[in-house]
Amino acid sequence: MPYTLVDTLVLKLTALLDQIGATADNHLWLGYSGGMDSELLAYTLACFRETHPNTPYQISLVHVHHGLSRNADAWAAHCRQRAEHYGLNFVLRKVQLELGPRVSIEAEARRARYQAIAELLNPGDILLTAHHQDDQLETLLLALKRGQGPKGLAAMGQAQHLAQTPREESAPCWQLRPMLDSSRAQIEQAVASLELPYINDESNQDTQYDRNFLRAEVIPVLKQRWPSIATTASRSAALCAEQQLLLDEVSAEKLQPLLCRCRFSGVRVLDSAGLKVLSPQWQAQLLRQFIQMQRLPLPAQVQLQQALAQLIDAREDAQLELSFKGLLLKRYGQQIYAMAPLPGAAFQLLDGVGSVEVDVAAKPSKLTLSTKQLQALSQGQSLSVGLTSPWQRLELTLADSGPRVALAQVMAPLMASLSAPLMASIPASQGTKVQPSDVAAAPELVMGLKGSYRCQPHNRDKGRELKKLWHELGVPPWLRDRVPLLMQNGRLLALAGGFVERSALASGAEPGILLKLVAEATP
């Protein structure tokens, strides 16, 4: 009995899963629109499960409801019914598109769709999509239209790491395309022979969308002249992918010596001096690689060249910032930073011991520590305060070593209400650190302090203005209003990640509060 396309797809899927080392612990998710291509792949998954009883993969069909068509509810119902027919799990996700002037509906729908699916994935999960050979040709033509290089012309791979995943520090998620070697004609024939019902999206006939225009107006003409163009274009894409892989390997080797970390925040930065001595071609390639390493969108080629010239030639004391869609390029000293636009700075108490509800919208950069939180800290329980990028949180913990704020200092406003056991835990000798003015107010976490404020760090013999200390600590200017400061009655007690004010420093082995900044996971 000759092999059918479904038999071939089952074998292809099995080979791809073996290639990435998948096990039954890896959940398989199909991006399921209910259209002809994904319907055939859903049918293939049902067959795959039957032929692999000893590898019980969990398989789910996920349908994203974009709300663009009046038929969207009916399509969702159809997909649910077909999933039940196949005996596969079904998940529905509704998304709200962010549309506006100069926003491509195609691109925005794709972004929202992948984001919705990514939110479902756990580390190691596998997304299956029904892209086929003709889709690959469309992707290649669109890359040519946009003027993309080898990376863009490589189009889609059969097995790729999924970039948009929520937990990058864990096992990577994969995207598999088992139908990529199959033509549209083969798929149409298979669906017809199996009499599979599928959705016809009316928007597929609208040639104002680029893919539909190529599908309806351009590719039929190309195929009429060159019937095998989809096959040969796929071969070109594979060759471009091969060349890009080699380029990435060499670029990674050249980029590595130019990478270091920001002394204060720990984020990855690029050495502009080392970049400057390279050829213009390598400068552009390595800056491009550096941006992609942070999983950030690349600017257009002309924008990248202009940015490169400014970043390399800027004075060392310049505070250069270049803004693009979804990307900020900054220079501080000799270091180049690539980052997403920063959200507004804010405190947010995380769930856990000593936490309370806080109206961060009303006073986003100020948080007064309550009696309950101070007592929890004094009893050895930690307090976590959520922060915005580039940090994940601030941790306050009780310690008897290291630079720390004397416990008596922060507890002073509550001395009168302390329980006897808690009073006993604070040595009488610490009372000398309590200033009369401290009794009037509880300690606060704040952001933003004038650079002219004079500080006396615990590790310095003389005081100095805060603006000079920021520079000594290597804190870039745009982060200075985002660093948490512990204050009391308008007096600085500690700068998180930096220093403790000498007058508030715990001495010897007396208990004190440590302030530790925990950075976001970085690539």
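Residues numbered from 1 in each chain as written. Predicted model: local features only at pLDDT ≥ 70, side-chain atom pairs only at ≥ 80, totals over all residues. Heavy atoms only, no water.

### With respect to the overall build of the chain
Moving on, step 1. When its secondary structure is counted, the chain shows 16 helices and 23 strands.
Moving on, step 2. Taking as baseline every contact in the chain between residues at least 6 positions apart, the subset at least 24 positions apart corresponds to 68%.
Moving on, step 3. For the chain, the exposed surface amounts to about 26300 Å²; the carbon and sulfur share of it is 52%. (Helix = DSSP H or I, 4+ residues; strand = E, 2+ residues; numbered from the N terminus. Contact = heavy atoms within 4.5 Å. Areas by Shrake-Rupley, 256 points an atom, 1.4 Å probe, with all protein chains shown as cover.)

### Some points on the sheet that holds strand β6 (residues 174-176)
Moving on, step 1. Across the sheet, 6 strands lie side by side as β3-β2-β1-β4-β6-β5; this open sheet has mixed pairing. Both outer strands of the open sheet, β3 (89-94) and β5 (159-161), are each paired with one neighbouring strand and no more. Across this sheet, the average inter-strand angle for adjacent strands is 25 degrees, counted without regard to direction.
Moving on, step 2. Across 6 bridges, the pairing between strand β2 (residues 59-65) and β3 is parallel. If you follow V62 over to β3, its bridge partner there is V91.
Moving on, step 3. Packing of helix α3 (residues 72-86) onto the sheet brings it into contact with β2 and β3, and relative to β3 it is tilted by some 165 degrees.
Moving on, step 4. Against the sheet, helix α4 (residues 105-118) touches β1 (28-31), β2, β3, β4 (126-128) and β6, its axis set at about 140 degrees to β2. (Pairing = 2+ DSSP bridges. Axes fitted to C-alpha atoms, helices over the stretch in contact; angles between N-to-C directions.)

### Digging into a nonpolar patch on the surface
Moving on, step 1. Residues L68, L99, V103 and I105 make up a contiguous nonpolar surface patch of about 310 Å² in total accessible area.
Moving on, step 2. Along the polypeptide, L99 turns up in the loop between β3 and α4.
Moving on, step 3. The partly exposed category is assigned to L99, whose relative accessible area is 46%. (Patch = residues over 30% accessible without salt bridge, like charges linked within 9 Å, V, L, I, M, F, W, Y side chains within 5 Å. Salt bridge = Lys/Arg side-chain N within 4 Å of Asp/Glu carboxyl O. Buried < 20%, exposed > 50% of the residue type's maximum accessible area, 1.4 Å probe, protein only.)

### Structural notes on the packing of aromatic side chains
Moving on, step 1. Applying the stated criterion across every chain yields a total of 4 aromatic pairs.
Moving on, step 2. Arranged with centres 5.8 Å apart and planes meeting at 45 degrees, the rings of F48 and Y57 form a pair that is tilted.
Moving on, step 3. The residue whose ring lies beneath R110 is Y114, and the NZ or CZ to ring-centre distance is 4.5 Å.
Moving on, step 4. Stacked on the ring of W282, the Lys or Arg K254 has its end atom at 5.0 Å from the ring centre. (Phe/Tyr/Trp six-rings, centres within 6.5 Å; stacked < 30°, edge-to-face > 60°. Lys NZ or Arg CZ within 6 Å of the ring centre and 35° of its normal.)

### Notes on the pairing of strand β14 (residues 383-386)
Moving on, step 1. What you see with β14 is no split at all: L383 and V385 on one side and S384 and G386 on the other are buried throughout.
Moving on, step 2. Of the strand pairs in this sheet, β14 and strand β15 (residues 391-399) are connected by 4 bridges, and their pairing is antiparallel. Considered in β15, the bridge of G386 is made with R393.

### Quick word on the packing of helix α5 (residues 133-145) against helix α8 (residues 210-225)
Moving on, step 1. In the contact formed by α5 and α8, the axes pass within 10 Å of each other and the chain directions differ by 105 degrees. Considering the angle they form, α5 stands roughly perpendicular to α8. Contact residues: D134, D135, L137, E138, T139, L141, L142 and K145 in α5; D210, R211, L214, R215, I219, L222 and K223 in α8.
Moving on, step 2. Residue composition of the contact of α5 with α8, grouped by class: 6 nonpolar, 1 polar and 8 charged. (Parallel < 35°, antiparallel > 145°, perpendicular 65-115°, else oblique. Nonpolar A, V, L, I, M, F, W, Y, C, P; charged D, E, K, R; others polar.)

### Observations regarding the environment of L369
Moving on, step 1. Along the polypeptide, L369 turns up in the loop between β13 (366-368) and α13 (371-378).
Moving on, step 2. Exposure remark for L369: the relative accessible area of 3% places this residue in the buried category.
Moving on, step 3. Residues L369 and E444 lie 75 residues apart in sequence; the distance between their C-alpha atoms is 5.8 Å.
Moving on, step 4. If we ignore the near neighbours within four places in the chain, the residues touching L369 are L374, L383, L396, A442, P443, L445 and L486.

### Here's the deal with unusual backbone geometry
When glycine is set aside, most residues are seen to have a negative phi, and most peptide bonds are trans.
Moving on, step 1. With omega at 10 degrees, the peptide bond leading from S389 into P390 counts as cis.
Moving on, step 2. For P390, the location among the structural elements is in the loop between β14 and β15.
Moving on, step 3. Look at E195: it is not a glycine, yet its phi comes out positive at around 55 degrees.
Moving on, step 4. Looking at the element boundaries, E195 is found in the loop between α7 (184-194) and α8.

### Concerning the packing of helix α2 (residues 36-51) against α7
Moving on, step 1. Running from N to C, α2 and α7 cross one another at 60 degrees; their axes reach a closest spacing of 10 Å. By the angle class used here, α2 and α7 are oblique. Judged by the sense of rotation from one axis to the other, the crossing of α2 with α7 is left-handed. Residue-level contacts link M36, D37, L40 and Y43 of α2 to R184, I187, E188, A190, V191 and L194 of α7.
Moving on, step 2. Looking at the contact of α2 with α7 residue by residue, the class counts come to 7 nonpolar, no polar and 3 charged. (Left-handed = near helix turned anticlockwise from the far one by under 90°.)

### Concerning helix α11 (residues 280-293)
Moving on, step 1. Here α11 is 14 residues long and its end C-alpha atoms lie 20 Å apart, about the 20 Å a rise of 1.5 Å per residue gives.
Moving on, step 2. For α11, every residue scored as buried is listed here: Q283, A284, Q285, L286, L287, Q289, F290 and I291.
Moving on, step 3. Looking one or two residues beyond α11, the residue adopting positive phi is R295, at roughly 60 degrees. (Expected span 1.5 Å × (residues − 1).)

### Brief notes about the pattern of salt bridges
Moving on, step 1. Considering all chains together, one arrives at 14 salt bridges under this definition.
Moving on, step 2. A salt bridge links R211 to E138, with the nearest nitrogen and oxygen atoms 3.0 Å apart. Residue R211 is located in helix α8, and its partner E138 is located in helix α5; the two are separated by 73 residues in the primary sequence.
Moving on, step 3. If you follow the salt bridges from partner to partner, you end up with E138, R184, R211 and R215 in one network.

### Observations regarding the side chain of R331
Moving on, step 1. Looking at where R331 falls in the secondary structure, it is placed in strand β10 (residues 327-332).
Moving on, step 2. Note on R331: relative accessible area 3%, which makes it buried.
Moving on, step 3. A polar side-chain atom of R331 sits 3.2 Å from the main-chain carbonyl oxygen of A314.
Moving on, step 4. Within the structure, R331 has its side chain in polar contact with the backbone oxygen of G333 (distance 2.8 Å). (Polar contact = N/O pair within 3.5 Å; in protein donor to acceptor, adjacent residues only side chain to side chain.)

### A look at the nonpolar core
Moving on, step 1. With 48 residues, the main nonpolar core has L394, L396, L445, L486 and L515 as its most contacted residues.
Moving on, step 2. With 4 residues, strand β21 (residues 491-495) is the largest single contributor of residues to this core.
Moving on, step 3. If near-sequence neighbours (up to four positions away) are discounted, L486 is found in contact with L369, V405, V410, P443, E444, L445, R491, L492, L493, A494 and L515.
Moving on, step 4. Residues L17, A42, I187 and I199 belong to the second largest nonpolar core, which totals 40 residues. (Core = buried A, V, L, I, M, F, W, Y, C linked by side-chain atoms within 4.5 Å.)

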